[in-house]
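Survey of secondary and tertiary structure
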Amino acid sequence: MATTDRQNATLALAHALSAAERGLPVIPLSPSKLPALRSPHRGEAEPVLCRGECGLPGHGVHDATTDPAGVRALFAAAPWATGYGIACGRPPHHLIGIDLDTKSATDSVAALQDLALRHLFTIPETVTVLTPSGGRHLWLTGPPDIVVPNSASRLAPGIDVRGAGGYLVGPGSVSAQGAYRLAPGTAELSPAPCPRALLRLVTPPARPHHPTQPGPARPAQGNGLVQFVLAAHEGQRNTRLFWAACRAYENGFGDELADALTEAAVQAGLTEREARATIASAERLTSGRRR
């Protein structure tokens, strides 16, 4: 390992321990910003639904911990880690990350300000992390009884939300693109409570319940496929959704499971449009096989 990599790894551990002391659960990240530890279940027949119950590291955000000994053990198992992720939606802070991206042609900062004007809320002063690409992450806290899902550009183009099951790259991390750092003047701040109007926007409304005639129960395999999609990390979402949808259609319950798979994919970070398109592709592929 080069000297610079060793220095970055040492600094990442130090920053991660500092975050853990403040009650923020952390995991080591590779320079690609993905969890640094590979799954202990690679090579096993999918879907593998373990979220750390096996006791081994390598379950992504489910490994996140505030225990100093646990943090050191994770980083010792991943000496190549140059950054750390902070799990969102976990107590005591129930962190919600508002990711203002610069990859979209839309000005995401202006888009958030427009949302604030239209929905009558004020963007609070809070911890803000500047990203290597010129974007920024706003840290907010949510109430413990509300689960905020991950989403990508659902609020507006260029605005992603990191909630339960997601993570934010912590300040002091170094990725292949560069360093993440706290914005001037925010280092001494605590994450601010999410404004109620914004919380309503980032939390999808409950789907209305329409009583229907009892039908056949969803196969147990269907529940497993939904959980498989829910556990997807960034870079896996479309692949996992497509695989799960193919299995559902091959086993004759694809149409019945389509809504549940869509909802799981949206919680994992896809837009509903992306999820529906992926499921439709799986249906077309498997219908050709069945014929």
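The following paragraphs examine the structure supplied in this document. (Residues numbered from 1 in each chain as written. Predicted model: local features only at pLDDT ≥ 70, side-chain atom pairs only at ≥ 80, totals over all residues. Heavy atoms only, no water.)

Regarding the pattern of salt bridges
This model, assessed by the stated rule, comprises five salt bridges. Taking the shortest distance from any N to any O, the salt bridge between D160 and R162 comes out at 3.8 Å. Residue D160 shares its accessibility class with R162, and that shared class is buried. In this structure, the salt-bridge partner of E250 is R247, at a minimum N-O distance of 2.9 Å. (Salt bridge = Lys/Arg side-chain N within 4 Å of Asp/Glu carboxyl O. Buried < 20%, exposed > 50% of the residue type's maximum accessible area, 1.4 Å probe, protein only.)

Section: the packing of aromatic side chains
Tallying each qualifying case throughout the model produces one aromatic pair. The side chain of R247 reaches across the aromatic face of W243, ending 5.0 Å from its centre. (Phe/Tyr/Trp six-rings, centres within 6.5 Å; stacked < 30°, edge-to-face > 60°. Lys NZ or Arg CZ within 6 Å of the ring centre and 35° of its normal.)

A word on the sheet that holds strand β8 (residues 167–169)
Strand order across the open sheet formed by three strands is β1-β2-β8, with antiparallel pairing between neighbours. Every other strand in the sheet has two partners, leaving β1 (26–29) and β8 as the edge strands with one partner each. In this sheet, adjacent strand axes meet at a mean angle of 35° when their direction is disregarded. Pairing geometry for β1 and strand β2 (residues 83–87), over four bridges, is antiparallel. Note on β2: the bridge partner recorded for L29 is G83. (Pairing = 2+ DSSP bridges. Helix = DSSP H or I, 4+ residues; strand = E, 2+ residues; numbered from the N terminus. Axes fitted to C-alpha atoms, helices over the stretch in contact; angles between N-to-C directions.)

Concerning empty space enclosed by the protein
In the structure shown here, the tally under the stated rule is three cavities of 30 Å³ or more. Space inside the largest cavity adds up to approximately 50 Å³. Split by residue class, the lining of the largest cavity holds six nonpolar, two polar and one charged. Roughly 40 Å³ of volume is contained in the second largest cavity. Around the second largest cavity sit I98, L112, F121, I123, P124, L138, L140 and L198, which together line it. When its residues are assigned to classes, the lining of the second largest cavity shows eight nonpolar, no polar and no charged. (1 Å grid on protein atoms, 1.4 Å probe; cavity = no way out; pocket = protein on both sides within 12 Å on 5 of 7 lines; lining within 4 Å. Points joined across faces, edges and corners; volume = space filled by probe spheres on them. Nonpolar A, V, L, I, M, F, W, Y, C, P; charged D, E, K, R; others polar.)

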